[in-house]
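# Structural description and commentary
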Amino acid sequence: MAKKNADRRYTKDHEWIDLDGDIATIGITDHAQEQLGDIVHVELPDLERIVAANEACSVVESVKAASDVYAPLAGTVVEINETIVEDPAIVNNDAEGEGWFFKIELDDTDTFEELMDEDAYEEYLETL
Amino acid sequence: MDPTLLTTPLDAWHRSLGARMVPFAGYAMPVQYDFTGTMAERCRGGVLSEHLHCRAKAALFDVSHMGQAMLEGPGAAAALERLVPGDIIGLKPGRQRYTLLTNAQGGIVDDLMVANLGDDRLFLVVNASRKHVDFPLIAAALPPGVTLRPLPDRALLALQGPAAASILDGPKSFMGVATMPVEGIECMVSRSGYTGEDGFEISVPATEAETLANRLLAHDEVIPAGLGARDSLRLEAGLCLYGNDLDETTTPIEAGLTWVIGKRRKMDWDFPGGSVIRDQLDNGAPRLRVGIRPDGRTPARAGTVVENAGIVTSGGFSPTLNTPIAMGYVGRAVAGDGTALILTVRGKALPATVVPVPFVPHRYAR
């Protein structure tokens, strides 16, 4: 994996998180999309939904199985990426870019720093 | 991967082609491929593209995990008829038939293919997950002079798709069988498969399997395809998967497999569970296997509850139709085409409709 974003954070559920002010953008990692295989359907959370950290709020369906996507941090859903609902293959093609899932206005931006950075995530992947 | 898993004669071949191996019925099997080189030029790899390639051109599946056996000796066909509802005595040399092993309750012990190779020799192909049940069951029912000889030293390949017949000059009609050379190797070939497409299943000595597979892949139209595509292809074709859509509590009538009961067998009903099956045929089965089309794009997987009606036994996404599709069992009263159903997926009601199967028309050679 190339160094893409030194400021990006990751979870053990294979989500990536970017932070801009108090808005976190969340998607699934390239590793996750590769493991899932061809993605055929995505369910996104409703706008303005209040989510707790680690709450399942989105579903990604591949040809093989359904998987939950979790809100990595607590906050309020403020934007969702409708284009991946219309064309789920975008998640396979560009999981860590155009294939983002949703944005959350964080309750507490300090929680972001507690997540894994890229090096820690790569180390985690090697333990799997 | 679990070291106790069995491997097929093509294990190394799969890995060299970029297969992702998964455990299936006790074997390490390819679920899909990440292609490189020449194969990547033919197909991107992955369940969707392998599936679509099979429908457009041809795909080669390794199904060597399945149980192959020779039932031979005078009266072999009559002996097998004691265990199945099919007309086996009437099966002509050079022909194959789909049949079922049934139990005393009319349940399905396994579904299998029976080919008449002539000279009192029947070639059987049974499910990998059931061979440990089927082979002893059949062997115990045989009269002196008829023997069941499992063939663990043979591999089984399936070449499936509209281009298959331009690659292999095999038996001319659907369910025809022949012993013949394929790419210079002596094989047992049937014109059949599990995809709904035209194609062949090829039984080959294990020692020759890799050579044969490579020679078939030398044709530009062919890619290897994994169990993922095999499953989505058979679901589109409305074909049952043992363990999902069929089991020891499911009868042939419930499963919509009434056609496997031979006309002559309906005179005497002299096969296991015959009286139960006859009663269901006359008076109706309590539940029936149906095609299910969920509204929208959310797939309903096996195990999904059909509200007040039954359960989904196979479900996923149809690459050909670009919609979710499923099969399941529902009460007879709601089994008619067009009936509205409610599925429960992740706690939410998902409307669906009973539809005819196959979802994608069969394209067998006639």
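Quick summary incoming for the structure in this document. Predicted, not measured: the structure shown is a model, and the values here were computed from it. (Residues numbered from 1 in each chain as written. Chains lettered and ligands numbered in written order. Predicted model: local features only at pLDDT ≥ 70, side-chain atom pairs only at ≥ 80, totals over all residues. Heavy atoms only, no water.)

## Quick notes on the packing of aromatic side chains
Test applied: Each aromatic pair joins two rings of Phe, Tyr and Trp (for Trp, the six-membered one) with centres within 6.5 Å, and gets the label stacked for planes under 30 degrees apart, edge-to-face for over 60, and tilted for any other angle. In DSSP terms, a helix is any run of H or I states spanning at least four residues, a strand is any run of E spanning at least two, and both are numbered starting from the N terminus. Burial classes follow relative accessibility: with a 1.4 Å probe on protein chains only, a residue under 20% of its type's maximum area counts as buried, one over 50% as exposed, and anything between as partly exposed.
According to the stated counting rule, one finds six aromatic pairs over all chains in the structure shown. Summarising the aromatic geometry, the rings of A:Tyr121 and A:Tyr124 are spaced 6.5 Å apart at their centres and angled 35° between planes, so their arrangement reads as tilted. You can see A:Tyr121 and its partner A:Tyr124 sitting in helix α4 (residues 118–126), three residues apart, about one turn around the helix. Using a relative accessible area of 0% as the deciding quantity, one classes A:Tyr121 as buried. Relative accessible area serves as the criterion here: at 18%, A:Tyr124 is assigned to the buried category. For the ring pair B:Tyr33 and B:Phe35, a centre distance of 5.4 Å and an interplane angle of 10° mean the geometry is stacked. The exposure class assigned to B:Tyr33 is buried, which follows from its relative accessible area of 1%. The exposure class of B:Phe35 is buried, given its relative accessible area of 8%.

## Things to note about the interface of chain A and chain B
Which entries qualify depends on this criterion: Note on contacts: a residue pair qualifies if any of its non-hydrogen atoms lie within 4.5 Å across the two residues. Here the quantity called buried area is the accessible surface, traced with a 1.4 Å probe, that two parts lose on coming together, added over both. Salt bridge, as used here: a side-chain nitrogen of Lys or Arg that lies within 4 Å of a carboxyl oxygen of Asp or Glu.
Counting residues at the interface gives 14 residues for chain A, matched by 14 residues for chain B. Each partner contributes to the roughly 1200 Å² buried at the junction of chain A and chain B, and carbon and sulfur atoms together form 43% of this total. A per-residue breakdown of the area chain A buries against chain B is headed by A:Asp38, A:Val40 and A:Val63, which together make up 39% of the total. Linking chain A with chain B are five salt bridges, by the criterion used here. Across the salt bridge formed by B:Arg346 and A:Glu43, the nearest N and O atoms sit 2.9 Å from each other.

## Some details on the nonpolar core
Stated precisely, the cut-off is as follows: Throughout, nonpolar core names a set of buried Ala, Val, Leu, Ile, Met, Phe, Trp, Tyr and Cys residues whose side chains join them through atoms within 4.5 Å.
Among the nonpolar cores identified, the biggest contains 77 residues, and B:Phe61, B:Leu159, B:Val182, B:Ile202, B:Leu212, B:Leu216 and B:Leu246 are the most heavily contacted of them. With sequence-adjacent residues up to four places away left out, B:Leu216 is seen in contact with B:Leu60, B:Leu157, B:Leu159, B:Ile167, B:Val182, B:Glu183, B:Ile202 and B:Val222. Of all hydrophobic cores here, the second largest spans 25 residues; its members include A:Val51, A:Leu73, A:Ile84 and A:Leu106.

## Describing the environment of B:Trp269
Residues and elements named next belong to chain B. Inspection of the secondary structure assignment puts Trp269 in the loop between α9 (265–268) and α10 (274–283). Residues Trp269 and Pro85 lie 184 residues apart in sequence; the distance between their C-alpha atoms is 7.7 Å. Those residues within four positions of Trp269 in sequence are excluded, and the remaining contacts are Ile261, Gly274, Ile277, Arg278 and Leu281.

Geometric descriptors of this kind do not, in isolation, establish any biological role.
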